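Structural description and commentary
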Amino acid sequence: MIILLCKKNIKKMERIEKRLKKDLTIIVCSCDKYDDLWYPYFEILKNQWGGCKYPIILNTETKKYSHEGLEIKCLQLYKPEEAPNISWSERMIETLKYVDTEYVLVTLDDHFLISPVDSEKFEAALNIMKTHKRISALSFIAYVPPNKKTKWIDNFGRWSMNDYFRVNLDTAIWRKKALLRNLKPGENAWEFELNATERALWDFTEYYRYKQGAEPILDVSFQKRVWSNSRKMVLA
C-alpha cells in the first residue's frame, strides 16, 4: 500500500513538472562579455528558487554555460565574428524562435534574487496571465503606489498609457507573442524600452507592475553593490 502511494505521488509530481515545462520558459538576458555574472547569478537562483522546474535559456551570443541542478540552454546562434553586428533586439527575436511555451519570464543577468521565491505565488501570477488574455506583461518589480487609481488584479496594478516606460525590462512574465510584437530589429535594450513604450500605445493590451509594499514574489535587486555582495556570499 505504501509503495503504491509513493508511486502515485511520483507520477503526480512528474505530471506537474511536465506541465510547468510546457507553460513557461525563463530567458536570462546577458552577453558574452558579462560571463563573470553567470556563476553567481545561477547559484543564487538555484538557492533562492528551490524546485524551479522551468527550462532556462541563457540569451548570449556565442558562449556555452551549464550549472549543476539547473536546466540551462545556450543557443550559440552566432559565430564570434558575427556577434558584434547583431543588435540586442535581433538576438531576442531569434531566441524566441526556439521557445515553444506561450509565456516567458524575461530577466537580466544582474537581477539577483535576494529572497526565496514562493513557487505557488509565482504560479498564481502565471495563472493571471492565462485568465486575463489582454495582459501582455506582468512585472514583479514593485513600482505601483498602493493608492494609485488604476485597475488591480491581486497585487498587480495596471500601468497606464500615460505612465513612463510602460514597456520595460523589469523581471516580468511576458506573453511570447506580445514580446515579439514589441521587438523591432536594430534596437538595443534601452532603445527597446523607450520605443516599444510608444509602440504599445496602439496595441490595446494591458501592462501590469507589482504593488509597492506588497510581499514580493520574485524579489530582485539590480544594484551594483548587490552584485559585489552576492559574489562574496556565493564564492566565500
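Structure shown above.
Quick look at the structure, then. (Residues numbered from 1 in each chain as written. Predicted model: local features only at pLDDT ≥ 70, side-chain atom pairs only at ≥ 80, totals over all residues. Heavy atoms only, no water.)

Turning to the pattern of salt bridges, a few remarks are in order. Pairing between side chains becomes possible if they bear opposite charge and their charged atoms approach one another. Within the structure shown, the criterion is met by twelve salt bridges. D23 is paired through a salt bridge with K130; the nearest N and O atoms lie 2.9 Å apart. Highlighted residues: D23 in helix α1 (residues 2-23) and K130 in helix α4 (residues 119-131), separated in sequence by 107 residues. On the accessibility criterion, K130 (24% relative accessible area) is partly exposed. K46 serves as the salt-bridge partner of E43, at 3.7 Å between the closest nitrogen and oxygen. (Salt bridge = Lys/Arg side-chain N within 4 Å of Asp/Glu carboxyl O. Helix = DSSP H or I, 4+ residues; strand = E, 2+ residues; numbered from the N terminus. Buried < 20%, exposed > 50% of the residue type's maximum accessible area, 1.4 Å probe, protein only.)

So, on to the pairing of strand β10 (residues 206-211). β10 sits mainly inside the fold: five of its six residues count as buried. With five bridges connecting them, strand β6 (residues 135-144) and β10 associate as parallel partners. Note on β10: the bridge partner recorded for V144 is K211. Both strand β8 (residues 156-158) and β10 contribute to a ladder of three bridges, which runs antiparallel. When the sheet's bridge partners are listed, F156 is paired in β10 with Y210. (Pairing = 2+ DSSP bridges.)

What follows covers a nonpolar patch on the surface. A contiguous nonpolar surface patch, about 390 Å² in accessible area, is contributed by Y164, F165 and L194. Within the secondary structure, L194 is located in helix α6 (residues 189-199). (Patch = residues over 30% accessible without salt bridge, like charges linked within 9 Å, V, L, I, M, F, W, Y side chains within 5 Å. Areas by Shrake-Rupley, 256 points an atom, 1.4 Å probe, with all protein chains shown as cover.)

Tracing the backbone through its elements, the reader meets F140 in strand β6. C-alpha separation for the pair F140 and N155, spaced 15 residues apart in sequence, amounts to 9.7 Å.

Here P84 is to be found in the loop between β3 (72-73) and α3 (88-96). A relative accessible area of 66% means that P84 is categorised as exposed. Remark: the alpha-carbon pair of P84 and E61, spanning 23 residues in sequence, is separated by 9.0 Å.

To continue, consider the packing of aromatic side chains. Applying the stated criterion across every chain, the model contains 13 aromatic pairs. An angle of 25 degrees between the planes, with centres 5.7 Å apart, marks the rings of F42 and Y65 as stacked. On the criterion of sequence distance, the pair formed by F42 in helix α2 (residues 38-48) and Y65 in the loop between β2 (56-59) and β3 is long-range, its members being 23 residues apart. Both residues of the pair, F42 and Y65, belong to the buried class. When the centroid spacing of 5.4 Å and the interplanar angle of 40 degrees are considered together, the rings of W88 and F192 count as tilted. Of this pair, W88 sits in helix α3 while F192 sits in helix α6, placing them 104 residues apart in sequence. Every member of this aromatic cluster is reached through a ring pair, and the members are W49, Y54, F122, F140, F156 and Y210. The lysine or arginine in question, K211, covers the ring of W152, its NZ or CZ lying 5.7 Å from the ring centre. (Phe/Tyr/Trp six-rings, centres within 6.5 Å; stacked < 30°, edge-to-face > 60°. Lys NZ or Arg CZ within 6 Å of the ring centre and 35° of its normal.)

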